[in-house]
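Below are the chains, spelled out letter by letter.
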Amino acid sequence: MGILLSAISYTVIFYLNNWLASELSYGLGVNWIYLPAGLRLFLTLIFGLPGAIGISFASFLICYFGEFPPELITCIGVGLISGFAPYLAKIFVLTNIKISPDLSDLSLPKLTVCILIYAFLSAGLHQWWFAIRGLEDAGAFNHFLVMFLGDVLGTVLLIGIIKLGLNYLKSAKAS
């Protein structure tokens, strides 16, 4: 269930972000605000490995049938990085910052560290892969920086929206 929910929700948010923020694109696969980054982190924090698998599958399909050159190896790498960079960030944070597996003690400072680690891993691994695969302007520091900032801003924005929605549901349920 987590794999399917992750794949579908990631695909929806990806195309919604494309529609809403098309003017904020910096280059191929690089955006100033990237809402799907927030969903990647959220889904892997909630579902763990099934979330990473669902995101990887959806990202592969988006890459293969989208703006990227339809090269199987390139798109497999993009998919794996998209799904497993947030999963690696989750593992790093759970083991080094002492967050409980059910996330019950996830505080704003811990979430901030998680977001920064995830954005660094995601931007770094994506730009490394883009450079290895010879994609246009890939691997440049400015592309890394914009992707890092876009992932941070997108994650903060999407997690903020999710948090507001959860708070609203909680208060509506209480009354």
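Residues numbered from 1 in each chain as written. Predicted model: local features only at pLDDT ≥ 70, side-chain atom pairs only at ≥ 80, totals over all residues. Heavy atoms only, no water.

**Notes on the nonpolar core**
- In terms of nonpolar packing, the biggest core is built from 42 residues, with Tyr 10 and Leu 41 touching the most fellow members.
- When contributions to this core are tallied by element, the ones reaching two or more residues are helix H1 (2–20), helix H2 (35–47), helix H3 (49–65), helix H4 (72–96), helix H5 (108–132) and helix H6 (141–174).
- Ranked by residues supplied to this core, first place goes to H5 with nine residues.
- Setting aside its immediate chain neighbours within four residues, Leu 41 contacts Pro 86, Cys 114, Ile 115, Tyr 118, Thr 155 and Ile 159. (Core = buried A, V, L, I, M, F, W, Y, C linked by side-chain atoms within 4.5 Å. Buried < 20%, exposed > 50% of the residue type's maximum accessible area, 1.4 Å probe, protein only. Helix = DSSP H or I, 4+ residues; strand = E, 2+ residues; numbered from the N terminus. Contact = heavy atoms within 4.5 Å.)

**A few points about a nonpolar patch on the surface**
- Taken together, the side chains of Trp 32, Phe 141, Leu 145, Leu 149 and Leu 153 define a hydrophobic patch exposed on the protein surface, amounting to about 470 Å² of accessible area.
- Along the polypeptide, Leu 153 turns up in helix H6. (Patch = residues over 30% accessible without salt bridge, like charges linked within 9 Å, V, L, I, M, F, W, Y side chains within 5 Å. Areas by Shrake-Rupley, 256 points an atom, 1.4 Å probe, with all protein chains shown as cover. Salt bridge = Lys/Arg side-chain N within 4 Å of Asp/Glu carboxyl O.)

**Some remarks on the confidence of the model for the protein chain**
- Residue-level pLDDT values for the protein chain average 87, and 94% of them are 70 or greater.
- Taken element by element, the protein chain is modelled with least confidence in strand E1 (residues 25–27), mean pLDDT 67, and with most confidence in H3, mean pLDDT 95. (pLDDT = per-residue confidence, 0-100.)

**A word on H5**
- With 25 residues, H5 should cover 36 Å at 1.5 Å per step; its first-to-last C-alpha distance of 36 Å lies within 8% of that length.
- Every buried residue of H5 is accounted for by Leu 111, Cys 114, Ile 115, Ile 117, Tyr 118, Ala 119, Ser 122, Ala 123, His 126, Gln 127, Trp 129 and Phe 130. (Expected span 1.5 Å × (residues − 1).)

**With respect to the packing of H2 against H4**
- Running from N to C, H2 and H4 cross one another at 55 degrees; their axes reach a closest spacing of 9 Å. Judged by the angle between their axes, H2 and H4 are oblique. The way H2 lies across H4 gives a crossing that is right-handed. Here Arg 40, Leu 41, Thr 44 and Leu 45 of H2 lie close against H4, whose contacting residues are Ser 82, Gly 83, Pro 86, Tyr 87 and Lys 90.
- Along the lines of polarity and charge, the residues of the contact of H2 with H4 split into four nonpolar, three polar and two charged. (Axes fitted to C-alpha atoms, helices over the stretch in contact; angles between N-to-C directions. Parallel < 35°, antiparallel > 145°, perpendicular 65-115°, else oblique. Left-handed = near helix turned anticlockwise from the far one by under 90°. Nonpolar A, V, L, I, M, F, W, Y, C, P; charged D, E, K, R; others polar.)

**Quick notes on the packing of aromatic side chains**
- Summed over all chains, the structure comprises eight aromatic pairs.
- Where Phe 60 meets Tyr 64, the ring centres are 5.8 Å apart and the plane angle is 25 degrees; that geometry is what we call stacked. One end of the pair, Phe 60, and the other, Tyr 64, are both in helix H3, four residues apart, so they sit about a helical turn from each other.
- Taking relative accessible area as the criterion, Phe 60 reaches 19% and is therefore assigned buried.
- With a relative accessible area of 27%, Tyr 64 lands in the partly exposed category.
- Taking 6.1 Å as the distance between ring centres and 45 degrees as the angle between the ring planes, the aromatic pair formed by Trp 128 and Trp 129 counts as tilted.
- Take Trp 129: its relative accessible area is 14%, and that puts it in the buried class.
- Put simply, the rings of Phe 14, Tyr 15 and Tyr 34 pair up and form one aromatic cluster. (Phe/Tyr/Trp six-rings, centres within 6.5 Å; stacked < 30°, edge-to-face > 60°.)

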